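Observations on the model geometry
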Amino acid sequence: RVHGGKGLLLHLNTEVLHRVEVLRQEECQVELADTPFGNGGCRQAFYVRLDGGARQVAKKYIHSETFDEDYRCSALAAEVAEAFNEKSSGKKVKYVLPDKILQVFGSKYLIEDYLNGEWHKYNDIFGHVLLPDETAHCFSHFSLHYSGFKYILLDIQGVKSKNKWEHYTDPAIVTGTAGTLGYTDTGIDQVRNFFRNHQCGSSCRALGLPTCHPQQLTMKAVNPEQIFQKKSKKAEKKAGKSIRRAHSQNTMAAAQPKDPSGLTGPALRRSRSLGKSDPSFPMMQVYSAGLPGLPPSLPAMPLVSPPPGVVSPPVSGLPTSGVMSPPMSGLPMSGVASPYFKV
């Protein structure tokens with residue numbers, strides 16, 4: 001049986017690891033199973049359909065801190081999987097990344113794609129090897145070296161596909177000190193136990209992973225916030241380069257001969273293009289990125305010359321005329337944390 005009704009769907013920014021950041025929200029029609037198909041120590045898993053679409057999984061969390069932990073662990077596991085795939089010539093790994101939150105019937109659910117197929121669990125948070133699988137255990141081994149001996153990914157589980165991909169979900173990040181990253185962080189003793197049980201095969205050797213001797217294994221102390229900010233700092237660095245490039249273009253434009261309209265350089269070219277988008281102008285991208293349903297870059301708006309006798313001086317090489325219209329009322333801008341929940 002299912003419960004039907006209206007819900008609020010929050011779309012998350014998966015480029016940010018250290019916090020839950022909402023990009024946009026929308027109402028949706030929900031069909032939620034009344035009983036879970038899976039139960040664990042941290043969560044319950046339900047079948048759900050949104051707006052009559054494909055079956056998905058809605059995870060309801062027993063503790064609010066586990067909700068935050070699960071999202072961040074999944075996002076970091078997806079990043080490690082990308083690095084693994086770049087180096088692996090064999091099977092590839094893909095993590096199901098929860099990218100939506102559903103608020104319905106007085107509860108919150110983390111939404112992710114449904115994995116269709118036979119479910120397997122290969123290892124657990126206590127370092128036990130439950131099923132022999134070279135890709136799964138090699139991936140755990142790889143994650144320790146990828147992190148610089150700060151953490152390892154365990155609790156590897158998911159569905160095998162007939163092609164070269166392995167689809168995993170619900171990872172656990174284990175550090176050298178139990179509890180650092182939450183309920184499923186069982187500490188270095190369980191990491192050592194994994195390497196007692198893990199036998200390196202051709203996949204480990206192909207990646208050049210050295211054998212880890214359990215009694216000699218040590219791990220570095222970690223700051224949780226630094227771990228989860230890794231990708232977001234890369235994004236900020238890339239954005240900083242774009243902004244510096246725009247400033248450089250504006251500085252060069254200030255030295256160019258002026259048009260009778262008072263515009264120079266890039267601003268003049270934009271006014272002549274009348275509607276062509278300019279990806280080198282970050283202000284337009286930031287302005288439009290927060291509007292739900294719109295692409296991250298809108299066409300540049302025409303710049304209007306001032307009436308005769310009215311002077312509109314440029315500021316830092318950019319005109320003050322041609323003001324963009326204000327954002328639509330009630331819609332959040334990009335990067336604003338969601339007011340609908342607290343984790």
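Data block above holds the structure.
First things first, this report covers the structure right here in the doc. Here the structure is a predicted model, which is why all the values come from computation and not from measurement.

Looking now at the pairing of strand β8 (residues 107-113). With respect to burial, β8 is a largely interior element, 5 of its 7 residues being buried. In terms of strand pairing, strand β5 (residues 56-61) meets β8 through 4 bridges, oriented antiparallel. Bridging from a neighbouring strand, K59 pairs with L110 of β8. Looking at chain direction, strand β7 (residues 100-104) and β8 are connected through 5 bridges and run antiparallel. Considered in β8, the bridge of K100 is made with I111. Between β7 and β8, which follow one another and run antiparallel, lie 2 residues, and F105 among them has a positive phi close to 55 degrees.

Grouped together as the largest cluster of nonpolar side chains are 26 residues, with contacts concentrated most on Y95, F139, I156 and I173. Of all the elements in the fold, those that place two or more residues in this core are α1 (64-87), β6 (92-95), α2 (134-146), β10 (151-154) and α5 (224-228). If you tally residues by element for this core, the top one is α1, at 8 residues. Here I156 is in contact with Y95, K121, Y122, N123, A136, F139, S140 and Y168, once residues within four sequence places are set aside. L9, C28, V48 and V104 belong to the second largest nonpolar core, which has 12 residues in total.

The rules behind these values
- Residues numbered from 1 in each chain as written.
- Predicted model: local features only at pLDDT ≥ 70, side-chain atom pairs only at ≥ 80, totals over all residues.
- Heavy atoms only, no water.
- Buried < 20%, exposed > 50% of the residue type's maximum accessible area, 1.4 Å probe, protein only.
- Helix = DSSP H or I, 4+ residues; strand = E, 2+ residues; numbered from the N terminus.
- Pairing = 2+ DSSP bridges.
- Core = buried A, V, L, I, M, F, W, Y, C linked by side-chain atoms within 4.5 Å.
- Contact = heavy atoms within 4.5 Å.

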